[in-house]
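Observations on the model geometry
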Amino acid sequence: MHLLSVGSLGSLVFLFATVLRQASSLETVVGMYGQTLEIPCNKGVVKAEDVLITKWKYDKGDRRVGDLLVRTKTESVSIIATDEYKDRINMAANSSLLLSAAKLSDQRTFTCMVVLSLDINEYPVNVVVYKAPAGVEISDKAPELEIGKPTKLATCVAKDANPAANITWLKNNKPLVDGGKGVSIRASVQVDPVTGLSSTSSTLEYSATKEDADAQFSCSARHQVGKELTSPELTFTITYSTETIILQVIAPEPLLEGDNVTLKCVADGNPAPTSFNFHLKGDVIPVKNTNTYTLAHVSRDTTGEYQCSLIDNPAMMASKNVTVNYLDINLSPTGNVIKTAGEALELSFQIDSSGESKVSWTKDNVKLDKEPKFNKLKYSDSGFYEGEVKMGALRRKASFDLVVEGAPVIKQLSKHRSEDGQHKVLICEAEGSPKPSVSWSINGTSYDESPFVNGKVTHKITVVPAVNLTVYCTVSNEYGVDTRDINVSSHQSDDADQTKLVVGVVVGLLIAAMVIGLAYGIYQKKSKQGSWKTGEKENGSSEEERKLEEKVEENSQKAEV
């Protein structure tokens, strides 16, 4: 037994005398705060079947070591820790240390010691615990910002992180840089003495401009783990003094007499002024708690320049012209106008307007090229006349209905044969107004009357006269009567007359041809005698002969016809 004990002691001495071989470099494992952390042991460098003992320990500081747990080849895991770790540790099948509810105090070195049959190895692992910030909050928001005045805008806080989060301020989603125009950022970090977690605070001091009236401010927190966190956007009331004012005219378009006009004074200050002076053609009217003044039932005399100004700064003034549109027309005569044919009618069309106007005329809804003139009225001048005046959107109309009246006059009385040649058609054309009635001194087989247009009427009758007779056409209205007659022959008389006429024409043409032929023969005889006596060239008389021959030929052709 003694020898055996000595031998066992010798082996143990040999083992402890063996140089402890450390890992080539210190491994770091990152764990998340509050979660279970797995710390690896040797990462499979040593085969599990070769391991006799696996033991975990940790560095307590000040060169002190704390034991955690141990497992032998033949025995299960035995927890030997007596401190805070006894309820938070365990060993995985692959010899990794399982550490639950990780916290910042776990950021230290844990060592896995592996005992082999002839060797002892240690594998130290450095543990780092990260925690993303719980969120970002904005506090101490400024009630308003004044242009050009540096103001503490707000404070942004990213709480409970490890390591501390980085905060960035944004305006309209674009980062602000400390030291930039009107930008000052102060950041600080506070550590919770209990948890060790860090809270980052960032205060933005900002000098606003007028363009920041609609700007949106926010802050974001970045961390090594987790996604970027962004606060809700903030807007601020930007205050500044009034620099300019504008006078607005609120009125119907076009502005007409009887309408209401509202004058509105708009200042760019914030808060906006609430009291103004309105200058109304020499009168100054102050208003309070409003920026408007209403001109009721305006007239053309309202046209002019108007101003408004600040009560506390009368030199700051704005002006605007107000134009009241009006369009008056006066037409003479109007309504129903009855005149006698041949008279003159003088038109008077007067226009009074606030601007340039255009005039157009129509007669019976048909556009005329120019204003009608009536120096000598005709029946065709009768009609409905309307003058329209336009000025922008304004329109005015005036009209008169002209009727030209007079005694009827027969303009033409004619006759011709019907298409079948068996009847006589008599046509009586007359002018007059009111419409004249037409009568004949003979009864016809049919009557036809044209529409009464422009004072004209045409009346036709068809007759079959048995003897030659004189027919009268009579037209009449309330102003007078007119009569004309025409000779109408019977059908047989017309045939006899036409036969006699044709025979007479033929005989006359034959006699004319004989006379011309006789004259031509005499002329030829005299021409030859004169040529012999004088010795003239025959060419001198050939032209006269040619002309005479042409004349004879022409008359001969007529005679044949």
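Structure report, in brief. (Residues numbered from 1 in each chain as written. Predicted model: local features only at pLDDT ≥ 70, side-chain atom pairs only at ≥ 80, totals over all residues. Heavy atoms only, no water.)

1. Considerations on the layout of surface pockets
- Considering only enclosed or pocket space, the largest pocket measures out at about 320 Å³ in volume.
- In this structure, the largest pocket is lined by 19 residues; those nearest its centre are Ala-48, Arg-71, Ala-93, Asn-94 and Ser-95. (1 Å grid on protein atoms, 1.4 Å probe; cavity = no way out; pocket = protein on both sides within 12 Å on 5 of 7 lines; lining within 4 Å. Points joined across faces, edges and corners; volume = space filled by probe spheres on them.)

2. A few points about the pairing of strand 24 (residues 283-288)
- Looking at chain direction, strand 23 (residues 275-280) and strand 24 are connected through 6 bridges and run antiparallel. Paired with His-279 across the two strands is Val-284, which belongs to strand 24.
- Between strand 23 and strand 24, which pair antiparallel one after the other, the connecting turn spans 2 residues, and Lys-281 there sits at a positive phi close to 50°. (Pairing = 2+ DSSP bridges. Helix = DSSP H or I, 4+ residues; strand = E, 2+ residues; numbered from the N terminus.)

3. A closer look at the side chain of Ser-202
- For Ser-202, the position within the fold is in strand 17 (residues 198-206).
- Residue class for Ser-202 comes out buried when judged on its relative accessible area of 1%.
- Setting aside residues no more than four positions away along its own chain, Ser-202 makes contact with Ala-154, Thr-155, Cys-156, Ile-167, Trp-169, Ile-185, Arg-186 and Ala-187. (Buried < 20%, exposed > 50% of the residue type's maximum accessible area, 1.4 Å probe, protein only. Contact = heavy atoms within 4.5 Å.)

4. Observations concerning the sheet that holds strand 22 (residues 261-267)
- Ordered in space as 21-22-25, the 3 strands form an open sheet in which the pairing is antiparallel. One side of each edge strand has no neighbouring strand; the edge strands of this open sheet are strand 21 (245-250) and strand 25 (292-295). Between one strand axis and the next, the sheet turns by 20° as a mean value, whatever way the strands run.
- Relative to strand 22, strand 21 is paired through 6 bridges, and the arrangement is antiparallel. Looking at strand 22, one finds that Ile-245 is bridged to Ala-267. (Axes fitted to C-alpha atoms, helices over the stretch in contact; angles between N-to-C directions.)

5. Topic: the pattern of salt bridges
- The full count for this structure, using the stated rule, is 20 salt bridges.
- The salt bridge partner of Asp-106 is Arg-88, with a shortest N-O separation of 2.5 Å. Of the two residues, Asp-106 sits in the loop between strand 8 (97-99) and strand 9 (109-115) while Arg-88 sits in the loop between strand 6 (78-79) and strand 7 (89-91), which places them 18 residues apart along the sequence.
- The buried category is assigned to Asp-106, whose relative accessible area is 0%.
- With a closest N to O distance of 3.8 Å, Asp-381 and Lys-378 form a salt bridge.
- Exposure remark for Asp-381: the relative accessible area of 11% places this residue in the buried category.
- When salt bridges that share partners are traced, they join Glu-84, Arg-88, Lys-103 and Asp-106 into one network. (Salt bridge = Lys/Arg side-chain N within 4 Å of Asp/Glu carboxyl O.)

6. Regarding the state of the cysteines
- Summed over all chains, the structure comprises 4 disulfides.
- Here Cys-41 is linked by a disulfide to Cys-112, with a sulfur-sulfur distance of 1.8 Å. Between Cys-41 and Cys-112, the S-S torsion sits near -60°, and that sign places the bridge as left-handed. Note that Cys-41 is positioned in the loop between strand 3 (37-39) and strand 4 (53-61) and Cys-112 in strand 9, a separation of 71 residues in sequence. Across the pair, Cys-112 and Cys-41 agree in class, each one buried.
- Here Cys-428 pairs with Cys-473 through a disulfide, and the sulfurs are 2.1 Å apart. When the S-S torsion is -90°, as for the bridge of Cys-428 with Cys-473, the disulfide is left-handed. Note that Cys-428 is positioned in strand 35 (residues 424-433) and Cys-473 in strand 39 (residues 469-477), a separation of 45 residues in sequence. For the pair Cys-428 and Cys-473, one class covers both residues: buried. (Disulfide = S-S within 2.5 Å.)

These results come straight from atomic positions and should not be treated as a statement about function.
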